[in-house]
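One-letter residues, chain by chain:
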Amino acid sequence: MLDKTKAPGEWTIGRQRILQTDCLTGLAELAAESVDVCVTSPPYNIGIAYRSYADRLPREQYLEWMAEVGLAIARVLKPEGSLFLNVGSTGNDPWIASDVADAMTRDLVLQNHIVWVKSLSIGEDTLGHFKPITSDRFLNNNHEAIYHFTKSGRVAIDRLAVGVPFKDKSNIARWGHARDRRCAGNVWFLPYQTVKSRAQKFDHPAGFPVELPERCIRLVGVADPLVLDPFLGAGTTLVAAERLGARGIGFEIDPDYAARATARLAATPTG
Ligand SMILES: C[S@@+](CC[C@H](N)C(=O)[O-])C[C@H]1O[C@@H](n2cnc3c(N)ncnc32)[C@H](O)[C@@H]1O
């Protein structure tokens, strides 16, 4: 249910708040230590054609900006809060994802490094979608990183909330497990849904599947969490928050993307 617009560029939809603003401005206005989980994917500085943001800064300037964003996120995270940072690399810039992660380590500790697999070939079979590249040097790029940061590196998480059943059921009794659930590990196969038009991708060139933020939010295992995405794009993180019945805040610099995220959320059933 879409509430009235509170101010130009600000919307409340269900339990979610969207602000069309620069993320550093938005972050500065949030209370310190107020956020349980931040799930976000910044621009990767690889020349993606966003509507208004130019995704090609000088490398040092880009990394300094990411470091500033990392500090601003650390300020608003609760002491036991988590940041899940999704970044991808390219053949031409294979270090960019890890350099962005490194830039975030001023006030944050890398606790888990998750590999997000978008497409996987097993034998002759292929699952999921990928963007093929034309190259005589580089393989098609079928994965991205999800870096899980906390303030201490020692924050307990609910591994079984996103766990899987044991393949070998005899392990349950042998290792004294209370139920048929084990940690799924740090490789997540999260394929994009098959789409036939740009509109089905919410007219955004770089969204992640809603299952990605959903998993991150469930993994922190906090009741009634406050979720944040400072680079909201098409609103996927807040769609996940709404589906899980969590509160969320998102910042997006582009007015059109912010408006589309709002419309998408208005059509999202509350969990
Ligand atoms: C990788 S996309 C995020 C996609 C999002 N995860 C989704 O699923 O739709 C990065 C977004 O950051 C936005 N952006 C770029 N600079 C920004 C800034 N300074 N503040 C807020 N948003 C910004 C871009 O317009 C773009 O929509």
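In short, a report on the structure. (Residues numbered from 1 in each chain as written. Predicted model: local features only at pLDDT ≥ 70, side-chain atom pairs only at ≥ 80, totals over all residues. Heavy atoms only, no water.)

### Quick notes on unusual backbone geometry
Argument step 1. In this structure, Glu33 takes a positive phi of about 50° despite not being glycine.
Argument step 2. Along the chain, Glu33 falls in the loop between α1 (23-29) and β3 (35-40).
Argument step 3. Judged by relative accessible area, which is 45%, Glu33 ranks as partly exposed.
Argument step 4. Positive phi, close to 50°, is recorded for Asp224, a residue that is not glycine.
Argument step 5. In this structure, Asp224 sits in the loop between α5 (211-220) and β10 (226-229).
Argument step 6. Residue Asp224 is classed as partly exposed on the basis of its relative accessible area of 42%. (Helix = DSSP H or I, 4+ residues; strand = E, 2+ residues; numbered from the N terminus. Buried < 20%, exposed > 50% of the residue type's maximum accessible area, 1.4 Å probe, protein only.)

### Some words on the side chain of Gln111
Argument step 1. Here Gln111 lies in strand β5 (residues 109-117).
Argument step 2. Gln111 sits in the buried class, given a relative accessible area of 18%.
Argument step 3. From its side chain, Gln111 meets the backbone nitrogen of Arg154 in a polar contact 3.5 Å long.
Argument step 4. There is a polar contact of 2.7 Å between the side chain of Gln111 and the backbone oxygen of Val155.
Argument step 5. When near neighbours in sequence (up to four residues on either side) are disregarded, Gln111 contacts His148, Phe149, Thr150, Gly153, Arg154, Val155 and Ile157. (Polar contact = N/O pair within 3.5 Å; in protein donor to acceptor, adjacent residues only side chain to side chain. Contact = heavy atoms within 4.5 Å.)

### A short note on the packing of aromatic side chains
Aromatic ring pairs: the centre-centre distance and the angle between the two ring planes describe each pair.
Argument step 1. Under the counting rule described, the total for this entry stands at 6 aromatic pairs.
Argument step 2. Their ring planes at 65° and their centres at 6.4 Å tell us that Tyr62 and Trp65 sit as a pair that is edge-to-face. On the criterion of helical spacing, the pair formed by Tyr62 and Trp65 is a turn pair, its members being 3 residues apart in helix α2 (residues 59-76). An identical accessibility class is assigned to Tyr62 and Trp65; each is buried.
Argument step 3. Every member of this aromatic cluster is reached through a ring pair, and the members are Tyr50, Tyr53, Tyr62, Trp65 and Phe231.
Argument step 4. The ring of Trp116 is capped by Lys118, whose NZ or CZ atom sits 5.0 Å from the centre of that ring.
Argument step 5. Lying across the ring of Trp188, Arg215 places its NZ or CZ 4.9 Å from the centre. (Phe/Tyr/Trp six-rings, centres within 6.5 Å; stacked < 30°, edge-to-face > 60°. Lys NZ or Arg CZ within 6 Å of the ring centre and 35° of its normal.)

### Concerning the pattern of salt bridges
Think of it this way: side chains of opposite charge can pair up when their charged atoms draw near.
Argument step 1. Taken as a whole and assessed by the stated rule, the structure comprises 13 salt bridges.
Argument step 2. Where Arg51 meets Asp254, a salt bridge forms, and the shortest distance between an N and an O atom there is 3.2 Å. With a gap of 203 residues between them, Arg51 in the loop between β3 and α2 and Asp254 in the loop between β11 (247-252) and α7 (255-266) connect regions that are remote in the sequence.
Argument step 3. Classification of Arg51 as exposed rests on a relative accessible area of 53%.
Argument step 4. Of the residues examined, Asp254 reaches a relative accessible area of 2% and is grouped as buried.
Argument step 5. The partner of Arg59 in a salt bridge is Asp99, with the nearest N and O atoms 3.0 Å apart. Placement of the pair is Arg59 in helix α2 and Asp99 in helix α3 (residues 96-103), with a sequence separation of 40 residues.
Argument step 6. Here the salt bridges do not stand alone but share partners, grouping Arg51, Asp254, Asp256 and Arg260 into one network. (Salt bridge = Lys/Arg side-chain N within 4 Å of Asp/Glu carboxyl O.)

Treat this as a map of the structure, not an account of what it does.
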